[in-house]
Amino acid sequence: MKFANYDGRAVVTDGTRAVHVADASNGKFADEPDRIYTVWDEFTAWAQTVELTDGFLLDRSKLSAPSPQPRQVFAVGLNYAEHARESGLDNPTEPAVFTKFPSSVTGPDTVLELPTETVDYEAELVVVVGRYSHRVSESQAWDHIAGLTVGQDISERIRQLIGPAPQFSLGKSFPGFAPTGPWIVTPDELEHRDDLGIGCSINGQVMQDGRTDDLIFSVPAIVSRLSAILPLLPGDLIFTGTPSGVGGARKPPVFLRDGDILETWVEGIGTITSTCRTGTPYPAGH
Ligand code: ZN
């Protein structure tokens, strides 16, 4: 099943046709996508009964972030061996976790404003949490996941690394720095949910091309390790890391420029598109 945010309203879709959840359920379920995650088990049982042949044709431009107001957004750095190497670091023995603040979350097809000339791309598989999850084992982890979506961990590299300790969370949280979508796909719909092709291109040129079975900490391992420390909440996002090929590690570096079209995909889920524009620089000295 695919679940999407259509102009602020929850829909079930096959990618072509869709039905509004609130209408089709006669109000049993809310219109707001955020509220659906809080009753995800009940919702998915009902969604099995939905007939999409009677649905309306999806207008892609109306899709926005599948989980628009997550309470927590986690991200894991250096989670592919090749990417750790290109960053000049060994494979981590513990997940390197930071946050992207929730105000950075946007939808699948957006204009990405570049506050500096050192903004980089990171194609990522993103987990959407479907249950309150505290101290979940790896073997139970998939049952706590509502679905998977495509994300970009857009990163301002100077802000990320400046200061006495790196500031990943700030450098990766400018407005629009967490595009997600186009929908979430439930894990049962993916035949090989642990091994999905992932990548991105700039103006049609492929920059990253990897597979999620190369993750150092797998999706279940991340859910288990995070939830050992704090509860994961319905609708929370987890950015799971990026494969090699990021712009900052290239010689010479490649950063996003005005007019660039950044396309990001995950096999079995879909593609999101960021159109880059030179934005207002943030105030000097900050
Ligand atoms: Zn990342």
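It should be emphasised that the depicted structure is a prediction, and the values quoted were computed from it without experimental measurement. (Residues numbered from 1 in each chain as written. Predicted model: local features only at pLDDT ≥ 70, side-chain atom pairs only at ≥ 80, totals over all residues. Heavy atoms only, no water.)

Things to note about the coordination of the zinc ion
As a reminder of what qualifies: Here a donor is an N, O or S atom found within 2.8 Å of the metal, or within 3.2 Å if the metal is Na, K or Ca; sites may look incomplete because water is not among the atoms. Helix and strand assignments follow DSSP, with helices taken as H or I runs no shorter than four residues and strands as E runs no shorter than two, numbered in order from the N terminus. Throughout, exposure labels follow a simple rule: accessible area from a 1.4 Å probe, protein chains only, divided by the maximum for the residue type, with under 20% read as buried, over 50% as exposed, and the rest as partly exposed.
In this structure, Glu-122 (OE), Glu-124 (OE) and Asp-153 (OD) serve as the protein donors to the zinc ion, at separations of 1.9 to 2.1 Å. Mapped onto the sequence, the donors of the zinc ion take the spacing E-x1-E-x28-D. Of this pair, Glu-122 sits in the loop between β10 (119–120) and β11 (123–129) while Asp-153 sits in the loop between β12 (145–152) and β13 (155–156), placing them 31 residues apart in sequence. Side by side, Glu-122 and Asp-153 carry an identical accessibility label, which is buried.

Re the packing of aromatic side chains
Defined as follows: Stacked, edge-to-face and tilted are the three classes for Phe, Tyr and Trp ring pairs, Trp counted by its six-membered ring, which pair at centre distances within 6.5 Å; planes under 30 degrees apart are stacked, over 60 edge-to-face, the rest tilted. The criterion for a charge sitting over a ring is simple: Lys NZ or Arg CZ within 6 Å of the ring centre, and within 35 degrees of the ring normal.
Following the criterion strictly, the structure yields 12 aromatic pairs and no others. A ring pair is formed by Tyr-37 and Trp-40, whose centres lie 5.3 Å apart and whose planes are at 20°; its orientation type is stacked. Taken individually, Tyr-37 and Trp-40 each receive the classification buried, so the pair is uniform in this respect. An aromatic cluster of at least three residues, connected via ring pairs, comprises Phe-3, Phe-29, Tyr-37, Trp-40, Phe-43 and Trp-46. Of note, Lys-100 hangs over the ring of Phe-239, and the distance from its end group to the ring centre comes to 5.6 Å.

Quick look at the nonpolar core
Test applied: We call a set of buried Ala, Val, Leu, Ile, Met, Phe, Trp, Tyr and Cys residues a nonpolar core when their side-chain atoms join them within 4.5 Å. An automatic or database domain assignment provides the domain bounds reported here.
Counting 49 residues, the largest nonpolar core has Leu-125, Leu-148, Ile-238, Leu-256 and Ile-269 as the members making the most contacts within it. Here this core takes five residues from helix α8 (residues 219–227), the largest share from any one element. Two domains each put at least three residues into this core: domain 1 (2–63) and domain 2 (73–278).

What to know about the pairing of strand β1 (residues 2–6)
Keep this limit in mind: One requirement defines pairing of two strands: DSSP has to find at least two bridges between them.
Burial within β1 is extensive, with five of its five residues counted as buried. Burial of β1 is two-sided: the residues Lys-2, Ala-4 and Tyr-6 facing one way and the residues Phe-3 and Asn-5 facing the other way are all buried. Direction of pairing for β1 relative to strand β14 (residues 178–185): antiparallel, over a ladder of two bridges. Residue pairing across strands places Phe-3 opposite Ile-184, the latter belonging to β14. The sheet contact formed by β1 and strand β2 (residues 9–13) spans five bridges and is antiparallel. Note that in β2 the partner of Tyr-6 across the bridge is Arg-9. Two successive antiparallel strands, β1 and β2, enclose a turn made up of two residues, where Asp-7 displays a positive phi of approximately 55°. Across two bridges, β1 lies against strand β5 (residues 63–64) in antiparallel orientation. Bridging from a neighbouring strand, Tyr-6 pairs with Leu-63 of β5.

Without other data, these values stay purely geometric and don't point to any function.
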